[in-house]
Every structure is written in C-alpha cells, then in structure tokens.
Amino acid sequence: MSERFDVVVVGSGAGGGIVAGELAERGRSVLLLEAGPHRTAADFTRWEAKANYDFWWPMRMAPVNDGAGPPVLLFGARCVGGTTTVNTKVALRAHEIDYAKWREATGLELTPADMAPHYERVERTLGVRERSDWTKSIHTLEPGFKALGAEIEPVMSYTDENCMRCGSCLQGCPTNAGKNTMNTYIHRSWARGRLELRAECPVERVVMEDRGSGLEATGVEYVDANGERHAVEAGAVVVAAGTLNTPQILLRSGIRELTNGSPSSAQIGRNLGFHPARLIYGLFDEIQDAHIAYPISSHCMKFQKDEDGGFIVEASTVQDPIGFAASLSDENGPFWGERLVEALRRYRYWTGVLAMVNDDNNGRVEVTPDGGEAFAADFEPQEQERIDNALDFSRKVVEAAGAKQVAWTGVVSTHVQGTCRMGADPARSVTNPNGEAHDVRRLFVGDGALVPRTLSVNPSLTIMALASRLAEHIDADPNGYLASSAAGVAASV
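Presented here is an overview of the structure given in this document.

What counts and how
- Residues numbered from 1 in each chain as written.
- Predicted model: local features only at pLDDT ≥ 70, side-chain atom pairs only at ≥ 80, totals over all residues.
- Heavy atoms only, no water.
- Axes fitted to C-alpha atoms, helices over the stretch in contact; angles between N-to-C directions.
- Helix = DSSP H or I, 4+ residues; strand = E, 2+ residues; numbered from the N terminus.
- Parallel < 35°, antiparallel > 145°, perpendicular 65-115°, else oblique.
- Left-handed = near helix turned anticlockwise from the far one by under 90°.
- Contact = heavy atoms within 4.5 Å.
- Nonpolar A, V, L, I, M, F, W, Y, C, P; charged D, E, K, R; others polar.
- Buried < 20%, exposed > 50% of the residue type's maximum accessible area, 1.4 Å probe, protein only.
- Pairing = 2+ DSSP bridges.
- 1 Å grid on protein atoms, 1.4 Å probe; cavity = no way out; pocket = protein on both sides within 12 Å on 5 of 7 lines; lining within 4 Å.
- Points joined across faces, edges and corners; volume = space filled by probe spheres on them.

Quick word on the packing of helix α5 (residues 136-147) against helix α11 (residues 381-400)
Their axes nearest at 7 Å, the elements α5 and α11 cross at an angle of 120°. Relative to α11, α5 is oriented oblique. Crossing of α5 against α11: the hand is right-handed. For the pair α5 and α11, the contacting residues are Leu141, Gly144, Phe145 and Ala147 in the first and Phe393, Val397, Val398 and Ala400 in the second. Grouping the constituent residues of the contact of α5 with α11 by class yields 7 nonpolar, 1 polar and no charged.

Regarding the pairing of strand β2 (residues 30-33)
Covered by surrounding structure in β2 are Val30 and Leu32 together with Leu31 and Leu33, the residues of both alternating faces. Both strand β1 (residues 3-10) and β2 contribute to a ladder of 4 bridges, which runs parallel. By the bridge assignment, Val9 is partnered in β2 with Leu32. Where β2 meets strand β7 (residues 196-198), 3 bridges bridge the pair, whose relative direction is parallel. By the bridge assignment for β7, Leu32 is matched with Leu197.

Concerning empty space enclosed by the protein
Applying the stated criterion to the full structure yields 3 cavities of 30 Å³ or more. Computed from the structure, the largest cavity encloses a volume of approximately 120 Å³. The wall of the largest cavity is formed by 17 residues, among which Cys163, Cys166, Cys169, Cys173 and Gly178 lie closest to the centre. Along its surface, the second largest cavity is lined by Ala236, Glu436, Phe444, His473, Ile474, Asp477, Pro478, Asn479, Tyr481 and Leu482.

Right under this line is the structure:
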C-alpha cells in the first residue's frame with residue numbers, strides 16, 4: 001500500500017523548500033523529495049572539486065542559435081536546499097518593469113503590492129540585511145565605475161553576522177551564516193518532526209488520472225538511494241525541481257499525451273530565460289584576494305532597464321582556482337600554455353565583476369526520444385547587443401580602475417527561469433496565477449519555472465516569495481484538495 005500525504009513537494013530549492021516548510025509549519029502532512037544528497041555546514045569545506053562532484057549537477061550546456069556561437073554553460077546545485085545552498089545570497093525584489101513584462105507575456109496580473117507581504121515574510125525568515133562591509137577588491141573597482149559616470153551601492157543579502165567573508169559560498173557556507181531553504185525552512189520543520197524529508201530520491205513521474213471530472217495529479221513515483229521504486233499518493237503535488245528539471249518531469253509523466261497536446265502543455269519547456277552572465281577580470285599591481293570575500297556585496301543598477309542597457313554589474317568576484325583557470329579568455333581566445341600559467345601565478349592579484357543581462361526567454365528545454373535532456377538558447381539581435389554591451393562596459397570599468405590586463409569568461413547561467421510559466425492565458429502559460437496547471441487539477445509548479453519573463457534582478461528572493469504565496473494558497477485549500485485526503489493521511493502517519 002502506498003503512503004499518502006496532504007502534499008508531496010518535488011525539489012527543495014528556493015521554491016520547493018519554502019512550500020514544504022511553510023505547509024509543514026501550518027500543520028499539513030508534507031513529504032519533501034530531493035534528488036540530491038543532504039549536506040550541512042559540517043560537510044562544507046573550501047574544496048572546489050569535491051563540492052562540484054558532491055552537490056552540483058554535472059555541467060549542462062545550451063547551444064546558442066543552433067551552434068552559431070559558444071554554448072551557454074548552465075550551473076545549478078543538486079542537494080537539499082538546491083542552489084540556495086551554494087549561491088551568493090543576493091536578495092532583490094522584482095522591479096515594476098518586471099511585473100509589466102509578466103503581464104505582457106502571459107496576462108499575469110500581479111503587482112508589487114500583491115507581492116509585498118510575501119517578500120516581507122521571506123525577508124524576515126532569512127534575515128535579509130545590507131552588505132556594506134566591502135573588501136579591498138571592491139574599493140579597487142569603485143573608482144572605475146565612477147570614472148564612467150556610474151555608481152555602485154551595497155547589495156541586500158540573506159547572510160547573518162556569522163559571515164566571515166571567507167568566499168566559500170559556492171561550496172556551501174561552513175558557518176551557516178549564508179541562509180538557504182535548508183538551514184531555515186526545511187530544518188526548522190524537519191527537526192521538529194513536522195516534515196518528512198527524503199534526500200537522494202529522484203522523482204521519475206507525477207501520477208495523473210481522470211477520475212471523472214478531468215485530469216488530476218494523484219501522487220508521484222520515485223526511486224530511493226538504494227534503487228528501490230516507491231509510489232506516494234497526495235492531495236496535491238508541487239513540482240519544484242528547478243527550471244531545467246521541472247519541465248522534464250512533467251514531460252516524462254506524459255502530460256502532453258494525457259492532455260492531447262493542449263496549447264498549455266505545448267508551453268512546457270518553452271520560454272526558457274538564462275540571465276546570460278559572464279565574469280570580467282582585471283589584473284592589478286596589488287594583492288586583491290577577491291576569492292576571500294563575500295562574493296557579491298555591491299552592484300551597479302544604472303543599466304537595469306532594457307532601454308538603459310538591460311544589464312546589471314555586480315562586484316567583486318573571482319571564481320575559485322579551478323573555475324578561474326578553466327574559463328579565462330580575451331579577444332585572442334582562451335588562455336593556454338605560458339599565458340595561462342602566468343595568469344594563475346598572479347591569481348591573488350585579480351579582481352572582477354559579474355555582468356548579468358536581461359534576455360527575452362527564447363530558450364527551451366526538451367526531452368529527447370531516448371529520454372535524455374537537451375537545452376537550447378536562441379538570442380535575438382537585441383539580446384546579443386545587451387550581452388556585448390555589458391562586456392564592453394565591464395571591461396572599461398576594470399581598465400579605468402587601473403587593471404594592467406583584462407580577461408573574461410564565456411556566457412554562463414545560474415538564474416534560469418520560465419519553462420512552466422504562470423499566467424491567465426492557457427495558450428501562453430502552463431499554470432494559472434495560483435501556480436496550478438491549467439490542464440491538471442491538484443498539480444502545482446513551485447519554482448523559477450513559474451516566472452513569465454526573466455527578472456531584471458537576481459531571482460532567488462522572488463522565487464521564494466512566489467513559493468510563500470503558493471504555500472498560502474495551497475493551505476487555504478479553496479478546492480478542497482487537502483481536506484479530502486485527511487482520512488488517508490491519518491491512516492498512514
């Protein structure tokens with residue numbers, strides 16, 4: 001006999017971790033399934049290669065314009081807490097221009113006032129604060145921004161006073177100063193026995209049935225760490241496996257076949273936004289030690305709007321040594337041989353910025369005929385122009401700051417958004433404004449896949465606020481999804 005819960009949540013990152021934690025705190029019986037391992041501060045050390053192996057997804061790539069240019073490299077974590085466990089904790093609310101883009105894309109009528117209480121709830125839980133404790137590496141770059149008529153300002157961040165600015169954020173925070181869904185929402189409920197957490201349990205499919213009133217999600221099937229398969233029933237299913245994985249789970253569950261290829265199901269995996277980004281480095285005469293710092297504690301917002309340039313520049317940041325060595329390039333191409341060796345000898349003398357660009361969600365996620373995954377990026381001329389202009393401005397910043405040499409990476413993405421977007425129009429969206437699938441009752445999406453158009457700021461805080469909003473809606477249970485499962489839950493718990 002399969003188990004039964006009020007809600008099964010698939011994925012524990014910025015979306016799923018909050019949905020599961022908040023529903024558990026409200027007294028709902030919740031099972032949280034995570035494909036990756038459960039690692040905590042006791043496991044986090046500044047060991048780049050080990051961390052990449054232990055709790056990052058293997059490198060993924062999205063060919064650009066059918067291979068016309070180098071691919072976008074896709075980075076994301078695979079562990080309890082998802083990418084919130086290994087990100088830089090920048091906490092920014094969506095701008096009014098973002099809401100306007102959402103409305104245009106899918107007819108979604110959300111406003112800053114609608115979202116404010118959800119942002120506030122998340123910010124309180126995470127302890128969001130301003131980071132004005134700039135290190136030398138930022139003070140080195142600040143004159144470069146000023147010389148170009150731009151200013152940098154402190155970022156808001158979900159890090160507490162135990163942050164030692166050690167720079168190990170991408171390998172997990174060893175002091176728990178860096179907040180994430182694991183050490184806040186999940187552990188709070190899990191430690192009290194209110195939340196059932198099962199790590200290393202990838203979900204193979206959502207079970208969907210027509211019980212007479214249309215298609216409904218009735219549970220999930222997953223594989224545990226020992227390779228054994230399990231079925232779990234639920235009053236509601238929330239798929240929050242991440243923007244790249246959520247559409248794959250839905251497609252492998254046969255949603256398009258079950259809905260006869262409806263316009264809404266055709267949107268699954270489409271409208272992928274990347275927030276194309278690259279690191280731009282400058283070599284200075286004095287030691288910068290930009291790898292021993294809170295990675296992003298300042299940013300320049302002058303060019304945030306599309307009409308002003310469509311990009312944000314964050315400072316300061318330098319990757320850890322392996323990532324740094326593997327990514328260096330300039331107008332002459334990738335660094336090799338003696339040129340690379342010399343750059344690495346002066347590793348401590350480099351500092352840099354991260355340029356992050358608004359894109360127009362023209363990418364896609366696909367499941368191949370053999371069951372594999374495939375990604376694609378299609379950048380229109382205006383998007384490529386923003387990417388080029390962001391690089392050009394960033395190069396000028398580090399040069400104006402006094403850099404003796406400038407190098408940069410290819411285009412990367414850690415902020416993927418939009419593959420199961422929410423909206424009022426089923427022809428342009430996968431879920432309704434409450435995150436419930438247009439075509440399948442009791443099936444919700446709860447992560448960055450919901451975002452109708454790529455944000456003009458770092459997305460994690462908005463994904464968390466949307467998740468908190470979703471948890472509130474599911475708990476209110478306007479359709480009686482959870483009430484009808486109460487007897488089954490009582491019997492299985």
